[in-house]
Amino acid sequence: MDQIVNVVGVGGSSRPGSTAEKALRVVLDAAQRRGAAVQLISGPALAMPLYDPRHGATAPQARRLLAAVAGADALVLASPAYHGGISGLVKNALDHVEELSEDIRPYFSERAVGCVAVANGWQGAVSTLAALRDVTHALRGWPTPLGAAINTSAARFSPAGACMDAHVQGQLEEMAAQVVEFATMRALATSRAQSAR
Ligand SMILES: Cc1cc2nc3c(=O)[nH]c(=O)nc-3n(C[C@H](O)[C@H](O)[C@H](O)COP(=O)(O)O)c2cc1C
């Protein structure tokens, strides 16, 4: 089966080229090398009004995010640690996923989700990674076995985009392998179930 899977990366900060965005790009580039189609929603594309369940997703950025998530076969989330948790920018974007509660695959259902947290120290990196994995569970996604907690005081990215800490770079590439593998297995299982009908 030669099915191309769509991997969507969501995260970063309002600053284009933030460390979380760089980490996302490493995962997406590695997924692309594994044959996936990739899409990044980061920086200004995440700037949308505060989610209000009474009004839904009206802003173009919100609609684009929801279309990308609905069409994704796998996701990668990345947030900086802000005061020990997910940044407001990223959490607000994730709150908008409530609009997919009635989708054919509600929220993140049936999909692997890689989670990456970036902080200036280990404590914030680890607590933010745990929060991203909790949100993924709440949205019915499958957090990949490997999550990445990146301490930017110990691991920096080169101008070319790679993480100069080989261990972190390897973790981000392994996360790409895990989301692509899970998405490919799901696609295969779905196509077998359809042909058995
Ligand atoms: C409002 C704010 C809160 C932050 N809180 C934390 C924190 O609790 N723990 C931590 O390690 N770093 C904290 N940081 C640092 C960011 O996590 C760090 O700058 C970021 O991960 C690096 O990404 P950048 O390239 O986007 O700056 C905070 C930064 C800001 C702006």
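Here is what the cut-offs are and how they apply
Residues numbered from 1 in each chain as written. Predicted model: local features only at pLDDT ≥ 70, side-chain atom pairs only at ≥ 80, totals over all residues. Heavy atoms only, no water. 1 Å grid on protein atoms, 1.4 Å probe; cavity = no way out; pocket = protein on both sides within 12 Å on 5 of 7 lines; lining within 4 Å. Points joined across faces, edges and corners; volume = space filled by probe spheres on them. Helix = DSSP H or I, 4+ residues; strand = E, 2+ residues; numbered from the N terminus. Nonpolar A, V, L, I, M, F, W, Y, C, P; charged D, E, K, R; others polar. Near = heavy atom within 4 Å. Polar contact = N/O pair within 3.5 Å; in protein donor to acceptor, adjacent residues only side chain to side chain. Areas by Shrake-Rupley, 256 points an atom, 1.4 Å probe, with all protein chains shown as cover. Expected span 1.5 Å × (residues − 1). Buried < 20%, exposed > 50% of the residue type's maximum accessible area, 1.4 Å probe, protein only. Arc of directions from axis to C-beta. Contact = heavy atoms within 4.5 Å.

*Asks:* Hey, could you run me through the layout of surface pockets in this one?
*Replies:* If you add up the space inside the largest pocket, you get close to 280 Å³. Considering the residues around the largest pocket, the lining is formed by Gln3, Asp73, Arg105, Glu110, Arg111, Ala183, Arg186, Ala187, Thr190 and Ser191. Among the elements of the structure, α1 (19-33), β3 (74-82) and β5 (112-119) are those that each provide at least two residues to the lining of the second largest pocket. Of the residues assigned to the lining of the second largest pocket, the class counts are six nonpolar, six polar and one charged.

*Asks:* Help me out: how do you make sense of the site of the ligand in this one?
*Replies:* Neighbouring the ligand are 13 residues; Arg15, Thr19, Ala81, His83 and Val118 lie closest to it. Thr19 places a side-chain nitrogen or oxygen 2.5 Å from an oxygen atom of the ligand. In this structure, an oxygen atom belonging to the ligand sits 3.5 Å away from a main-chain N or O atom of Ala119. In isolation the ligand exposes 620 Å². Once the protein is present, 66% of that is buried. Elements represented by at least two residues in the shell around the ligand include exactly β3 and β5. For the shell around the ligand, the element with the most residues is β3, which contributes three residues. A breakdown of the residues in the shell around the ligand according to their chemical character gives five nonpolar, seven polar and one charged.

*Asks:* I'm lost on helix α2 (residues 60-71) in this one. Help?
*Replies:* For an α-helix, the turn length of 3.6 residues means that residues three or four places apart are oriented alike. Taking 1.5 Å of rise per residue, twelve residues should cover 16 Å, and α2 covers 16 Å from first to last C-alpha, within 8% of that figure. Residues of α2 that are buried: Ala62, Leu65, Leu66, Ala68 and Val69. In an axial view of α2, the angular spread of the buried residues amounts to 160 degrees, which keeps them on one side of the axis. Pointing more than 90 degrees away from the buried face of α2 are the exposed residues Pro60 and Ala67. Residues of α2 that are buried make contact with β1 (6-11), β2 (37-42), β3 and α3 (88-95).

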